[in-house]
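Inside the fold
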Amino acid sequence: MCIGVPGKILAIHDGLMPMADLDFGGTARQCCLAYVPEAQVGDYVIIQNGFAMDVIDEASAKASLEAISELGLGNPGAGLAPDAASGD
């Protein structure tokens, strides 16, 4: 089963495959924005396997993150996409 995890877009890097820097409550990761070209800095996006799948509102993002935490599914930002700084 895949869980879509919301993250807030901090920066967007244009290119053939547009990438975004995201914040998952203090955990920084990157994702690909190819499926949501309308996404802007400050938007929340649902991430699956390193790709943003949908843009959602802040209230929905916070509710999802709370549910993930309450279910004990761990750190929502961990392992979502390779961390360029660590070389993963």
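Above this text you will find the structure in question.
Report on the accompanying structure. Computed from a prediction, not measured in an experiment: that's the story for all the values here. (Residues numbered from 1 in each chain as written. Predicted model: local features only at pLDDT ≥ 70, side-chain atom pairs only at ≥ 80, totals over all residues. Heavy atoms only, no water.)

A contiguous nonpolar patch, built from Ile3, Leu71 and Leu73 and spanning about 290 Å² of accessible area, is present on the exposed surface. As for its position among the elements, Leu73 is in the segment after α1 (58–70). Leu73 sits in the partly exposed class, given a relative accessible area of 44%. (Patch = residues over 30% accessible without salt bridge, like charges linked within 9 Å, V, L, I, M, F, W, Y side chains within 5 Å. Areas by Shrake-Rupley, 256 points an atom, 1.4 Å probe, with all protein chains shown as cover. Salt bridge = Lys/Arg side-chain N within 4 Å of Asp/Glu carboxyl O. Helix = DSSP H or I, 4+ residues; strand = E, 2+ residues; numbered from the N terminus. Buried < 20%, exposed > 50% of the residue type's maximum accessible area, 1.4 Å probe, protein only.)

The next point concerns the pairing of strand β5 (residues 51–56). Relative to β5, strand β4 (residues 44–48) runs antiparallel, the two being bridged by five bridges. In the sheet register, Gln48 faces β5, and the bridge partner there is Phe51. Remark: two residues form the turn of the hairpin made by β4 and β5, two consecutive strands paired antiparallel; Asn49 in that turn has positive phi of roughly 55 degrees. (Pairing = 2+ DSSP bridges.)

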